[in-house]
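If you want the building blocks of each chain, they are given just below.
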Amino acid sequence: MSQELSTIDAQQSNAPSGLCRVCGRPSSSSSTSDDLPQELRSIVAANSTSLDEVAKVCLPCVEMFRRGQAQLEAHASIFQETSYVLPTPLRMQADERFTGRNVTMAFLDSGFYRHDDLTKPNNRIVGYHSIFDPTIDQTSLESTDVASWHGMMTSVVASGNGYLSQGFYKGIASDANLVLVKIGRTGHISEANIERGLQWVIDHREEFGIRIVNISAGGDFPESYLSNSLCKTVEQAVRAGLIIVCAVGNAGMSPGHEVLPPASSPACIAVGGLDDQNSLDRARRGMYRSSYGPTVDGLQKPEVIAPGIWVAAPILPHTPTADEARLYSELDAAPDAELKSIIETRGLSDPDLVEARDLPIPLLRQLITIKLHEGNVINQFYKYVDGTSFAAPIVSSIVACMLEANPKLTPQAVKRILIHTAERVPGIEVERQGWGVVVARAAVEIALKSS
């Protein structure tokens, strides 16, 4: 609890008992509007049933208004143009003629899930491998273990077809095929594990027709690409014709903001994060907290940037997070008369809602909205996420469309085109953004014209 709320609580302990003039509930401790922080007074006044300027307000109501104020400050500018998160193809102005058809992408990540956006109506997962147990079959893709979260999201951000959103929240490469390579379990993924996964892709690239490798994982510590084993394997992969796309990491606000292997390899395409404010207005563009160079070898990293925040991604089914998202979405869409019964029958996992079920409808609606925003919930199937882990798959999906347009492109040609067509964000240092924001349509157009 914040210091200012602790002060309010102390003041309330000496106040007479009575009814809260906002929610009407009995309260053994109450505060007056004069006790509240200035930014909360107008909110309380708007919701109070009393014209008395010193009307008493219970601590639960104060806490709810504080949370609501925080959400207003965090989300007001983001959703001022629309009430929902924009789909990735729209915000990147992708060329709808190209969706990664007949292109296979490999994803190296901690774990994966056979998500409906990848498997319905047609299963586009053409291969799966775990470096921990090479004999494991694809039933592991049905696990809802915590390790499945990250890889499920990165693969669906790039290649999901939006099956659970009627095509709305789809990736740019929504028709691409996927090979999923599990390289972690929980926590940090070591360079050795990334290298093992990448070597497997190199060895099996022709078997599965793999052209692109997305690596949304960072290495152990800064090291020259001339001596780093993982970077050498990246070089080997590119010589074999693979296009390696790496997330640079999220340490842009930390001292040193270091770019680690494999993103520090000169042969890969290193991707940083753009904050486009969930808007199509280029004037609102800014930077996400991406790591950036120069690397220990003096290389510019990242080369390009893509949205690293406000990215729509799937929720892992059959998890507490999925249960909460389903509850909040159902409540948000329900008629007022049904809110209490829904909470009583299906809201036991959320004590806040159970306690608040008898609140006046406007206050209950406000709490539901707070819950949606605090959980970054779009609907029962999707939430919005952040991190360069999701910027990299967006670039990988654009590369898939470029290869659909021109399968003869080499890794070097793809990188040159992305850099050539990128748009710089005004007022942002070159070191942070590289050559700028990837431009999907322009990159595909040049790919079409390239010999």
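In what follows, the accompanying structure is described. In this text the structure is predicted, and so the values were computed from the model without any measurement.

### Some remarks on the nonpolar core
Across soluble globular proteins, you tend to see nonpolar side chains buried next to one another.
In step 1: One finds Val-271, Val-395, Ile-398, Met-402, Val-414 and Leu-418 to be the most contacted residues of the largest nonpolar core, which totals 95 residues.
In step 2: Here this core gets twelve residues from one element, more than from any other, and that element is helix α13 (residues 388-405).
In step 3: Listed in part, the 30 residues of the second largest apolar core include Val-179, Ile-215, Ile-244 and Val-259.

### Some points on the packing of α13 against helix α14 (residues 411-421)
In step 1: Running from N to C, α13 and α14 cross one another at 115°; their axes reach a closest spacing of 11 Å. Judged on the interaxial angle alone, α14 and α13 are roughly perpendicular. For the pair α13 and α14, the sense of crossing is right-handed. Between α13, through Val-395, Ile-398, Val-399, Met-402 and Leu-403, and α14, the contact on the second element is made entirely by Val-414, Ile-417 and Leu-418.

### Quick word on the side chain of Asp-275
In step 1: With respect to the element layout, Asp-275 can be found in strand β10 (residues 269-275).
In step 2: Although buried, Asp-275 forms no salt bridge, and the nearest oppositely charged side chain, Arg-91, lies 6.4 Å from it.
In step 3: Here Gln-277 takes part through its backbone nitrogen, which lies 3.0 Å from a polar atom of the side chain of Asp-275.
In step 4: Discounting residues that sit within four places of it in the chain, Asp-275 has contacts with Arg-284, Arg-285, Gly-286, Met-287, Tyr-288, Ile-309 and Trp-310.

### Topic: the pairing of strand β8 (residues 210-215)
In step 1: The element β8 is largely enclosed, with a buried count of five among its six residues.
In step 2: What joins β8 to strand β9 (residues 243-247) is helix α8 (residues 229-239), and the crossover it makes is right-handed.

### Overview of unusual backbone geometry
In step 1: The omega torsion across Gly-293 and Pro-294 is 15°, close enough to zero to call that bond cis.
In step 2: You can see Pro-294 is positioned in the loop between β11 (286-287) and β12 (304-307).
In step 3: Following Lys-301, the chain continues into Pro-302 via a peptide bond in cis, with omega recorded as 5°.
In step 4: Along the polypeptide, Pro-302 turns up in the loop between β11 and β12.
In step 5: Unusually for a residue other than glycine, His-318 sits at a positive phi of about 60°.
In step 6: Mapped onto the fold, His-318 is located in the loop between β13 (311-314) and α9 (320-333).
In step 7: Of note in this structure, Asn-376 is not a glycine but carries a positive phi near 55°.
In step 8: Mapping Asn-376 onto the fold places it in the loop between α12 (361-374) and β14 (382-385).

Conventions we followed
- Residues numbered from 1 in each chain as written.
- Predicted model: local features only at pLDDT ≥ 70, side-chain atom pairs only at ≥ 80, totals over all residues.
- Heavy atoms only, no water.
- Core = buried A, V, L, I, M, F, W, Y, C linked by side-chain atoms within 4.5 Å.
- Buried < 20%, exposed > 50% of the residue type's maximum accessible area, 1.4 Å probe, protein only.
- Helix = DSSP H or I, 4+ residues; strand = E, 2+ residues; numbered from the N terminus.
- Axes fitted to C-alpha atoms, helices over the stretch in contact; angles between N-to-C directions.
- Parallel < 35°, antiparallel > 145°, perpendicular 65-115°, else oblique.
- Left-handed = near helix turned anticlockwise from the far one by under 90°.
- Contact = heavy atoms within 4.5 Å.
- Lys, Arg positive; Asp, Glu negative; His and termini not counted.
- Salt bridge = Lys/Arg side-chain N within 4 Å of Asp/Glu carboxyl O.
- Polar contact = N/O pair within 3.5 Å; in protein donor to acceptor, adjacent residues only side chain to side chain.
- Right-handed = clockwise from strand over helix to strand, strands pointing away.

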